Amino acid sequence: VTVLVAIGGLRLAQRGVLLRRLRAAEAVGAMTVLLADKTGTLTENRLLIERIDGDREHVLTVAAAAHGAAAAQDPVDRALVEAAGERASSERPARNPFDPLRRRESAVWCEADGTWVAVKGAPEAVLEACAMSEADRASVLERVGRLADDGLRVIAVAERRVAAVPGGAADAETDLAFVGLAAFRDPLRPGVRDAVAELAHAGVRTIVVSGDHPETVAATAR
């Protein structure tokens, strides 16, 4: 039995699949559901800016500044820096890094005419910190839904100008002025469509797991 499983492992290796535990070869034959991460597994994790809702230059400037002077490592930040360019400044602003609970990040820049707070993050999280009417908020969320339904990953951008440096994230990220939306396309990996179809033909159901907007995930799955 071990030899038969080992031969199966060898055949998998010839197809580019590394079998770390022989028992997994038996388990995979009984699999009925596959949970697949979306970003970087089904997609290339190579974000491309496809649409800007608002003044393009203003949205890109604020969105890139919200990450502060730290190196751009996240695909979103890399795409923004590539589109907006590096901010020419020797200043190291105060940063409030992205937090899964706040679902946004911000940077505080000291300028000649005062203090500038740049914020970006999940649309719902950014909009709840903006000073705007419920009707305006609903209108923006409707636009977010349309972009997400097209399979785009959407972030919202906002800013604030104050006289003194805020004391922390809670103080900085309040009473914001909404700037606009940036929507990114994350292309599917080659072969993903055929792989999911083959799994379905074998009776395996694929479930996509992601922290992105539900409509974005649904569009990618479709």
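You'll find the structure just up there.
Quick caveat: nothing in here was measured; it's all calculated off a predicted structure.

What follows deals with the sheet that holds strand 3 (residues 94-96). Strand order in this open sheet of six strands is 2-7-6-5-4-3, and the pairing throughout is antiparallel. On the outer flanks of this sheet lie strand 2 (48-53) and strand 3, each paired with one strand and no other. Recorded for the sheet is a direction-independent mean angle of 20 degrees between the axes of neighbouring strands. Pairing of strand 3 with strand 4 (residues 104-111) involves three bridges; the strand directions are antiparallel. In the sheet register, Arg95 faces strand 4, and the bridge partner there is Ala107.

A word on the environment of Pro187. Within the secondary structure, Pro187 is located in the loop between strand 7 (177-185) and helix 9 (192-201). Taking the C-alpha atoms as reference points, Pro187 and Glu44, separated by 143 residues in sequence, lie 5.8 Å from one another. Non-local contacts of Pro187, meaning those with residues more than four positions away in its chain, are made with Thr43, Glu44, Arg46 and Leu48.

Within the span of helix 4 (residues 56-65), buried status applies to Val59, Leu60, Val62, Ala63, Ala64 and Ala65. Taken together, the buried residues of helix 4 touch strand 2, helix 5 (75-84), strand 4, strand 5 (114-121), strand 6 (153-162) and strand 7.

For the pair helix 1 (residues 2-14) and helix 2 (residues 22-29), interaxial distance at closest approach is 9 Å and the crossing angle is 80 degrees. Compared by their axis directions, helix 1 and helix 2 come out roughly perpendicular. Of the residues in helix 2, those in contact with Thr2, Val5 and Ala6 of helix 1 are Leu22, Ala25 and Glu26.

Note on placement: Glu173 falls in the loop between helix 8 (169-172) and strand 7. Exposure remark for Glu173: the relative accessible area of 4% places this residue in the buried category. A polar contact of 2.7 Å, which involves the side chain of Glu173, links it to the side chain of Ser106. In contact with Glu173, other than residues within four places in its own chain, are Asn96, Arg102, Arg104, Glu105, Ser106, Val119 and Ala129.

Right, let's talk about the pairing of strand 6 for a bit. Burial within strand 6 is extensive, with eight of its ten residues counted as buried. In this sheet, strand 6 lies alongside strand 5 in antiparallel orientation, the contact comprising seven bridges. Looking at the pairing, Ala118 lines up with Glu159 of strand 6. In terms of strand pairing, strand 6 meets strand 7 through seven bridges, oriented antiparallel. Each bridged residue has a counterpart across the sheet, and for Ala156 the counterpart in strand 7 is Leu181.

Another point: unusual backbone geometry. At Asn45, a position not held by glycine, the phi torsion is positive, near 55 degrees. Tracing the sequence through the fold places Asn45 in the loop between helix 3 (38-42) and strand 2. Under the relative-accessibility criterion, Asn45 is labelled partly exposed at 30%. A positive phi angle is found at Asp175, which is not glycine, with a value near 55 degrees. Relative to the helices and strands, Asp175 is located in the loop between helix 8 and strand 7. Using a relative accessible area of 52% as the deciding quantity, one classes Asp175 as exposed.

Moving on: the environment of Ala36. As for its position among the elements, Ala36 is in strand 1 (residues 33-37). For the pair Ala36 and Ile207, spaced 171 residues apart in the sequence, the C-alpha separation amounts to 6.1 Å. When sequence neighbours within four positions are dropped, the list of residues in contact with Ala36 reads Leu42, Thr206, Ile207, Val208 and Val209.

Quick look at the pattern of salt bridges now. Overall, the coordinates contain 18 salt bridges when judged by the stated rule. Between Asp212 and Lys38 there is a salt bridge, and its shortest N-O distance comes to 3.0 Å. With Asp212 in the loop between strand 8 (205-209) and helix 10 (214-221) and Lys38 in helix 3, this pair connects stretches of sequence that are 174 residues apart. What makes Lys38 buried here is its relative accessible area of 3%. Residue Glu134 is joined to Arg137 by a salt bridge in which the shortest nitrogen-to-oxygen separation is 2.8 Å. With Glu134 and Arg137 both in helix 7 (residues 134-149) and three residues apart, this pair spans about one turn of that helix.

Scoring rules and cut-offs
Residues numbered from 1 in each chain as written. Predicted model: local features only at pLDDT ≥ 70, side-chain atom pairs only at ≥ 80, totals over all residues. Heavy atoms only, no water. Pairing = 2+ DSSP bridges. Helix = DSSP H or I, 4+ residues; strand = E, 2+ residues; numbered from the N terminus. Axes fitted to C-alpha atoms, helices over the stretch in contact; angles between N-to-C directions. Contact = heavy atoms within 4.5 Å. Buried < 20%, exposed > 50% of the residue type's maximum accessible area, 1.4 Å probe, protein only. Parallel < 35°, antiparallel > 145°, perpendicular 65-115°, else oblique. Polar contact = N/O pair within 3.5 Å; in protein donor to acceptor, adjacent residues only side chain to side chain. Salt bridge = Lys/Arg side-chain N within 4 Å of Asp/Glu carboxyl O.

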